[in-house]
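# Chain and residue survey
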Amino acid sequence: MSAPTTIETSELDDQTPPERGATARRWGTPALALAIVVGLLLGYAGGLLTPRLTRPGDASAEAGFARDMVTHHAQAVEMGMIAFQRSTDPEVRSIGGDIASAQQGEIGTMQTWLRSWGLDPAGSEPPMSWMPDGASLVKDGLMPGMATPEDMAKLRAAQGRELDVLFLDLMIKHHLGGIHMIDGVLDASDEPDVVATAQTMKNTQRNDLTNLQNALNRLGG
Amino acid sequence: MSISTPGGPERRPTVVSTGKKPAAGRPAAGAKAGSGKPTGPRPGAGGKGRKPVTPVKVSQGRAWGPIALFVAVGVLAASIIGYGAWASFQGSKPWEERAAEIDGIVNFRKTDKTLVEGGNHQAGSITYSVLPPVAGPHNPSWQNCMGDVYDAPIANEHAVHSLEHGTVWVTYRPDLPADQVSKLAEKVRGKEKLMLSPFEGLDKPISLQAWGYQLKVDNADDKRIDDFIKALRVNASIEGPTALCSQGITATGTTPRDGAQMPQG
């Protein structure tokens, strides 16, 4: 009951012989000072290193999302700019310009994350591998919702109403795929800035989807 | 684990003279402690029941247990911190250093500063001293570099503009076997700031270009291709990471198209 406790403490006391008391008093203060200095240095080093060690790494979901979403966004910018430049429908033009400029801005945000995390814009992993079963969603190197090179060639060649309908159709698919990826990072990350930005992206793209669908209905697509 | 060694020297006399442990607060238990101790958790403390002998024995040695513990913890902490420091500094090595470590890479930013200085726009055909070109004046229109896989040669004048925007341009000799070409296409397709095209007259089967950098390899399986892309894609841009790759020339053909920034279908 109480005996074991006593045994332990008195044993520790016994380890330091009485004749060492003088020595300990002589060296005690410098030793304590040294210990405090070493402790402070270790704490300082730890404080310096902790942000480096806790920020998202090369294989993290955050880095994977940032890299893949930059690629995904870049194609939305391409499609949006085509609509902005060549559509004959005022609403389609403005949606295209809006999406292109907004997503180009977000590309800058995500590239800044990568740089502040000390990571390259180019990853070492295949696209979407940061998402569970994400790799299976990649077709011909294209992430969910992305237009194929053939789709893009068609869009570049299209004119008038055909261009508007094709753009709206491709952008709706693009946003649906994008929202799937955004949900992926919202599930995987608790990095505040990533979560907040991803949530904003999701809200924006949801609103876009409503407007894109309404415009498509209006044009009878 | 309780490490009370620092407090030991001062407290020890109390224990010796009174046989009671202040912390325990029970004289009877304290007395027992003397006899019970040697059979306690510390090994090698000797026989049991010999109250006077044991304290003397212990007092002759240093408190190796706590010292060993401190050393162990210290070494552990130092190695964790050291490894973390090493790993994070290694991982965040600047891309220039990682590019320089790629075997066989040519860095024109070092050898030819005027070549890589900048991106003046210039219409018409341009003669480049390095082929495939790695930098220099270029057409106002860039080649579309949204992971485009071109199956015919493209104009240098447009391609150099794409390099300026941070693209890694992968070129291959037209006689490269089809399975090798598709391996290259797989790396490129669908990724912005990358493009692939055949290039006539290459002295090696495959040549990679970024602004101011070139690497020639023999085989599409060469690991240095991925290293080159990892270190230089976007990073090599002299106009930052948001320079466009879309809205470029999507047509092939080695004659530059003046005034033709619009997609060519």
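The name given to chain B in an unreviewed UniProt entry is DUF3105 domain-containing protein, with Micromonospora deserti as the source organism.

Named according to an unreviewed UniProt entry, chain A is DUF305 domain-containing protein originating from Micromonospora deserti.

Before going further, it helps to spend a moment on a nonpolar patch on the surface. On the surface, Trp64(B), Ile67(B), Val71(B) and Val75(B) cluster together into a nonpolar patch covering about 400 Å² of accessible area. Relative to the elements of secondary structure, Val75(B) occurs in helix 4 (residues 64-91).

A word on the nonpolar core. Counting 48 residues, the largest nonpolar core has Phe65(A), Met110(A) and Trp130(A) as the members making the most contacts within it. At the level of elements, helix 3 (61-86), helix 4 (90-116), helix 6 (160-188) and helix 7 (192-218) of chain A together with helix 7 (113-116) and helix 8 (156-164) of chain B are the ones that each hand at least two residues to this core. Here this core gets 8 residues from one element, more than from any other, and that element is helix 3 of chain A. Every residue in contact with Phe65(A), bar those within four places of it in the chain, is listed here: Val70(A), Met110(A), Trp113(A), Trp130(A), Met181(A), Ile182(A), Val185(A), Ala198(A) and Met201(A). Within the second largest apolar cluster, 27 residues are counted, among which are Trp95(B), Ala99(B), Leu184(B) and Ile225(B).

Okay, helix 4 of chain A next. Helix length check: helix 4 of chain A, at 27 residues, gives a terminal C-alpha distance of 39 Å against a target of 39 Å (1.5 Å per residue), a fit within 8%. Positive backbone phi, at 70°, marks Gly118(A), one or two positions downstream of helix 4 of chain A.

This part is about the sheet that holds strand 5 (residues 206-210) of chain B. Residues and elements named next belong to chain B. The strand order 1-6-5-3-4-2 describes an open sheet built from 6 strands, whose pairing is mixed. Edge strands, defined here as strands with exactly one partner in the open sheet, are strand 1 (106-107) and strand 2 (146-149). Looking at chain direction, strand 3 (residues 168-172) and strand 4 (residues 194-198) are connected through 5 bridges and run parallel. Paired with tryptophan 169 across the bridge in strand 4 is methionine 195. Here helix 9 (residues 178-188) sits on the sheet in contact with strand 2, strand 3, strand 4 and strand 5, set at roughly 160° to strand 4.

Moving on, we get to the confidence of the model for chain A. Chain-level statistics for chain A give a pLDDT mean of 88 and a share of 89% at 70 or above. Here residues 1-12 of chain A is a poorly scored stretch, pLDDT under 50, and it has 17 contacts once near neighbours within four places are set aside; other chains count.

All right, on to the UniProt feature "transmembrane region" (unreviewed entry) in chain B then. UniProt records the feature "transmembrane region" (unreviewed entry) at residues 63-86 of chain B, using the numbering of this structure. Annotated as residues 63-86 of chain B, this span is 96% helix and 0% strand, and its ends, taken at the C-alpha atoms, are 34 Å apart.

Those residues carrying the UniProt feature "domain: DUF305" (unreviewed entry) are residues 62-216 of chain A in this numbering. Taken end to end, residues 62-216 of chain A comprises 74% helix and 0% strand; its first and last C-alpha atoms sit 34 Å apart.

Turning to the packing of helix 6 of chain A against helix 7 of chain A, a few remarks are in order. Residue and element names in this part refer to chain A. Direction vectors running N to C along helix 6 and helix 7 enclose 155°, while the axes themselves pass 9 Å from each other. Considering their axes alone, helix 6 and helix 7 lie roughly antiparallel with respect to each other. The crossing of helix 6 and helix 7 is left-handed. Of the residues belonging to the contact of helix 6 with helix 7, the class tally is 18 nonpolar, 5 polar and 4 charged.

Our next topic: the packing of aromatic side chains. Under the counting rule described, the total for this entry stands at 4 aromatic pairs over all chains. With 6.0 Å between their ring centres and 70° between their planes, Trp169(B) and Phe199(B) make a pair best called edge-to-face. With Trp169(B) in strand 3 and Phe199(B) in the loop between strand 4 and strand 5, the pair connects residues that are 30 residues apart, well separated along the chain. Residue classification places Trp169(B) among the buried positions, given a relative accessible area of 0%. Given a relative accessible area of 10%, Phe199(B) falls into the buried group. Arg93(A) extends its terminal NZ or CZ atom over the ring of Phe84(A), reaching a point 5.9 Å from the ring centre.

Where side chains of opposite charge bring their charged atoms close, a pairing between them can arise. Residues and elements named next belong to chain A. All told, the structure shown has 18 salt bridges over all chains when counted by the stated rule. Among the salt bridges present, the one from arginine 218 reaches aspartate 89, with a minimum N-O distance of 2.9 Å. In this pair, arginine 218 is assigned in helix 7 and aspartate 89 in the loop between helix 3 and helix 4, connecting sequence segments 129 residues apart. A relative accessible area of 10% means that aspartate 89 is categorised as buried. Aspartate 169 is paired through a salt bridge with lysine 173; the nearest N and O atoms lie 3.3 Å apart. Here lysine 173 and aspartate 169 lie together in helix 6, a separation of 4 residues that amounts to about one turn. Note on aspartate 169: relative accessible area 29%, which makes it partly exposed.

Parameters and conventions
Residues numbered from 1 in each chain as written. Chains lettered and ligands numbered in written order. Predicted model: local features only at pLDDT ≥ 70, side-chain atom pairs only at ≥ 80, totals over all residues. Heavy atoms only, no water. Patch = residues over 30% accessible without salt bridge, like charges linked within 9 Å, V, L, I, M, F, W, Y side chains within 5 Å. Areas by Shrake-Rupley, 256 points an atom, 1.4 Å probe, with all protein chains shown as cover. Salt bridge = Lys/Arg side-chain N within 4 Å of Asp/Glu carboxyl O. Helix = DSSP H or I, 4+ residues; strand = E, 2+ residues; numbered from the N terminus. Core = buried A, V, L, I, M, F, W, Y, C linked by side-chain atoms within 4.5 Å. Buried < 20%, exposed > 50% of the residue type's maximum accessible area, 1.4 Å probe, protein only. Contact = heavy atoms within 4.5 Å. Expected span 1.5 Å × (residues − 1). Pairing = 2+ DSSP bridges. Axes fitted to C-alpha atoms, helices over the stretch in contact; angles between N-to-C directions. pLDDT = per-residue confidence, 0-100. UniProt positions renumbered as here; feature names shortened; annotations may be inferred. Parallel < 35°, antiparallel > 145°, perpendicular 65-115°, else oblique. Left-handed = near helix turned anticlockwise from the far one by under 90°. Nonpolar A, V, L, I, M, F, W, Y, C, P; charged D, E, K, R; others polar. Phe/Tyr/Trp six-rings, centres within 6.5 Å; stacked < 30°, edge-to-face > 60°. Lys NZ or Arg CZ within 6 Å of the ring centre and 35° of its normal.

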